[in-house]
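# Structure at a glance
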Amino acid sequence: HAFVCSGDGALDRLPAACPPLGLVDEAPTTSVRPWRTGEDLLVLFTDGVSDARGRDGTRLGEEPVLDAVRAARDEAPE
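The structure contained in this document is the topic of the report that follows.

Rules and cut-offs
- Residues numbered from 1 in each chain as written.
- Predicted model: local features only at pLDDT ≥ 70, side-chain atom pairs only at ≥ 80, totals over all residues.
- Heavy atoms only, no water.
- Helix = DSSP H or I, 4+ residues; strand = E, 2+ residues; numbered from the N terminus.
- Buried < 20%, exposed > 50% of the residue type's maximum accessible area, 1.4 Å probe, protein only.
- Pairing = 2+ DSSP bridges.
- Axes fitted to C-alpha atoms, helices over the stretch in contact; angles between N-to-C directions.
- Salt bridge = Lys/Arg side-chain N within 4 Å of Asp/Glu carboxyl O.
- Phe/Tyr/Trp six-rings, centres within 6.5 Å; stacked < 30°, edge-to-face > 60°.
- Patch = residues over 30% accessible without salt bridge, like charges linked within 9 Å, V, L, I, M, F, W, Y side chains within 5 Å.
- Areas by Shrake-Rupley, 256 points an atom, 1.4 Å probe, with all protein chains shown as cover.

### Section: the environment of Thr 46
Here Thr 46 shows up in the loop between strand E3 (41–44) and helix H1 (47–50). For Thr 46, a relative accessible area of 52% puts it in the exposed group.

### Digging into the sheet that holds strand E2 (residues 11–13)
Two pairing modes exist for strands in a sheet, parallel and antiparallel, and in both the strands are linked by backbone hydrogen bonds. One open sheet accounts for three strands, arranged E2-E1-E3; its pairing is antiparallel. The strands lining the two open edges of the sheet, one partner per strand, are E2 and E3. Each neighbouring strand pair of the sheet contributes to a mean axis angle of 25 degrees, computed without reference to strand direction. Here strand E1 (residues 2–5) runs beside E2; their pairing, made up of three bridges, is antiparallel. Note on E2: the bridge partner recorded for Phe 3 is Arg 13.

### So, the pattern of salt bridges
In total, this model carries eight salt bridges according to the counting rule given. Residues Asp 67 and Arg 70 are paired through a salt bridge, measuring 2.7 Å at the closest nitrogen-oxygen approach. Of this pair, Asp 67 and Arg 70 both sit in helix H2 (residues 62–72), three residues apart, which is roughly one turn of that helix. Look at Asp 67 and you get partly exposed, because its relative accessible area is 40%. Residue classification places Arg 70 among the partly exposed residues on the basis of a relative accessible area of 33%. Linked by salt bridges that have partners in common, Asp 12, Arg 33, Arg 36, Glu 39 and Asp 40 make up one network.

### Considering the packing of aromatic side chains
Evaluation of the coordinates by the stated rule reveals one aromatic pair. Arranged with centres 6.0 Å apart and planes meeting at 5 degrees, the rings of Phe 3 and Phe 45 form a pair that is stacked. Of this pair, Phe 3 sits in strand E1 while Phe 45 sits in the loop between E3 and H1, placing them 42 residues apart in sequence. Classification of Phe 3 by relative accessible area gives buried; the value is 4%. According to the relative accessible area criterion, Phe 45 is buried, its value standing at 12%.

### Considerations on a nonpolar patch on the surface
A surface patch of nonpolar side chains, amounting to about 340 Å² of accessible area, comprises Trp 35, Leu 42 and Leu 44. Following the sequence through the fold, Leu 42 ends up in strand E3.

Below you can see the structure in the form of structure tokens.
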């Protein structure tokens, strides 16, 4: 799960275009995306976060994780 959260809170999912590094002999492809230093936030999380389940067994999903990122994106890292 890879996203860029822009300064206005918009989220852009980054595509997974290649297999994980080291699984094939070919070099991975690359892509370029404009980056706004001081505004854009790279968001990475594993499926363990979005697949977590609540007490009732309901899967968390991506949206609550991304909502938390949007809500806290302007806070200091510490």
